[in-house]
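Commentary on secondary and tertiary structure
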Amino acid sequence: MEFVTDLHLHSKYSRAVSKEMNLYNMALWGTKKGLDVLSTADWTHPLWFREIKQELVEDTQGIFKIKNNKDFLTRFILSVEISSIYTQKGIVHRIHNLVFSPSLKTCEKIQNELIKRGCNLASDGRPIVGLSSIQLMELIYSIDEDVLLVPCHAWTPWFALYGSNSGFDSIDDCFGEYADKIYGVETGLSSDPYMNWQIKELNNRSLISNSDAHSLPKMGREATVFVTKDGVKSSELRVQSDDKKLKLTYEDITDAIKQKPDGRLKIGYTIEFYPEEGKYHYTGHRNCNFVQDPRQTKLDGNICPVCKRPLTVGVMHRVEELAKASKFPDEISKLNDNGVKWIIDPTRNHPPFVKLVPLNEIIAESLHSTVSSQKVKDMFDLLCQKFGSELNVLLKISIQDLEKEAGPRVAEGVDKVRRGNIVILPGFDGQYGIVKIWDDKKVSEKQEETKSQLGIDF
Ligand SMILES: [Zn+2]
Ligand SMILES: [Zn+2]
């Protein structure tokens, strides 16, 4: 049995987040997308926390559901992203961490303690605090041993554990004596698990993937899928489907991330964005319209030829730097019966993953339209309804069945995405990469143009 989770989201109280991000809509879209458990997000924010308490009710230990609603399958877990900005040994660090809480009571205690330390929790759903990552660990663990902290989008240049501009080189450097309580990291949109498999200190830690969505359609673009371990009866975790009641608990999820031997779940696989599509995959300067791949960064250094200032070093280069040229074996991939390309850890140390493009983007390109057009939205809703969820359409149903409902072009698009048969212009310095499912003439020309402008090989 699988439980698909998206454990890092934002509410309407975080900066640059859609006003539609409220708990009811999140549950509605979570159900449509096939997400079993979502982050409540932002539980440190006083107004949002009030909404959490008003609208949700605890279903099983640490897992919440919308009050008085039997239709939504989606449940919630309490997690919040906290941004720490601080100086350590003379260097300014900006680290984002995801903090999971087992109960509303623990949330309240943590909120009070943060306020005592001068943190302004009302300013943003993702609060900025002056506490170091070590101080934050100290604070939350002194309140409740069952909390869990996972560094967010571990590789982004400006706000992350391994970030090229404000991060550290290791979990020990960042978390000191608490390093052994860092059981996993979030890989983020610009890196995929394969890149992270190459980092030694992550060998015995979990890799989780979440969407960090700021709007409803983007939820689930990355996700962590937990599965029951051998010998655990599915019925222990979910009663009959007509009851629609999840029995899994906060502890099940955190135990799986901690890889506890006696836990009931483990991470089965993760669903990934194409890392090239992420905003910081390659090195570059957005304003100078300059981008380079890691090979060029090695050869030419990281000074921008346009403005002569240091480039924003991308995730791919940074991974290579910290992997210290380890001769990590090439990825192994396997197509399953549905034509989905699975990427498998050649060292068999971590669970596999699959790379997807959101269904609304596939439909938009198939129909030569945009994700905001009504016909794309209608087709998206129709397919989610017909086949149960977005993730079923992307991963599980047969292409023949999809073709009957959506026509040959959308079916071909989904098939190409499943097989990884697509073209991507990598993102850099805050600019998302561009995914093209059909490498038609126009796309090739566009790439040629960009290549010559940017002097880069794709
Ligand atoms: Zn963040
Ligand atoms: Zn520049």
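Read on for an overview of the structure. Predicted model only: the values in this text are computed from it and were never measured. (Residues numbered from 1 in each chain as written. Chains lettered and ligands numbered in written order. Predicted model: local features only at pLDDT ≥ 70, side-chain atom pairs only at ≥ 80, totals over all residues. Heavy atoms only, no water.)

**Focus on the coordination of the zinc ion (ligand 1)**
- The zinc ion (ligand 1) binds to the protein through Glu-81 (OE), His-96 (ND1) and His-153 (NE2); the donor distances cover 1.9 to 2.3 Å.
- Along the chain, the residues that donate to the zinc ion (ligand 1) are spaced as E-x14-H-x56-H. Of this pair, Glu-81 sits in strand S5 (residues 75-88) while His-96 is found in strand S6 (residues 91-101), placing the two residues 15 residues apart along the sequence.
- According to the relative accessible area criterion, Glu-81 is buried, its value standing at 1%.
- On the accessibility criterion, His-96 (3% relative accessible area) is buried. (Donors = N, O, S within 2.8 Å, 3.2 Å for Na, K, Ca; no water. Helix = DSSP H or I, 4+ residues; strand = E, 2+ residues; numbered from the N terminus. Buried < 20%, exposed > 50% of the residue type's maximum accessible area, 1.4 Å probe, protein only.)

**Examining the side chain of His-96**
- For His-96, the side chain forms a polar contact with the side chain of His-153, separated by 3.3 Å.
- Setting aside anything within four residues of it in sequence, one finds His-96 in contact with Glu-81, Ile-82, Ser-83, Arg-126, Pro-151, Cys-152, His-153 and Phe-159. (Polar contact = N/O pair within 3.5 Å; in protein donor to acceptor, adjacent residues only side chain to side chain. Contact = heavy atoms within 4.5 Å.)

**Some points on the coordination of the zinc ion (ligand 2)**
- His-285 (ND1), Cys-288 (SG), Cys-304 (SG) and Cys-307 (SG) make up the full set of protein donors to the zinc ion (ligand 2), lying at 2.0 to 2.3 Å.
- Taken together, the 4 donor atoms coordinating the zinc ion (ligand 2) and their angles of 100 to 121° define a geometry best described as tetrahedral.
- When the donor residues of the zinc ion (ligand 2) are listed from N- to C-terminus, their spacing reads H-x2-C-x15-C-x2-C. Placement of Cys-288 in the loop between strand S13 (283-285) and strand S14 (290-292) and of Cys-304 in the loop between helix H9 (294-300) and helix H10 (315-323) is noted, with a sequence separation of 16 residues between them.
- Assessed through its relative accessible area of 17%, Cys-288 is described here as buried. (Tetrahedral: all angles 85-135°; square planar, octahedral: opposite > 155°, others 65-115°.)

**Things to note about unusual backbone geometry**
- The backbone phi angle of Asn-68 is positive, close to 50°, even though this residue is not glycine.
- Relative to the helices and strands, Asn-68 is located in the loop between strand S4 (63-66) and S5.
- Residue Asn-68 is classed as exposed on the basis of its relative accessible area, which comes to 82%.
- The phi torsion at His-153 lies on the positive side, around 25°, for a residue other than glycine.
- Among the secondary structure elements, His-153 is positioned in the loop between strand S8 (148-151) and helix H5 (171-175).

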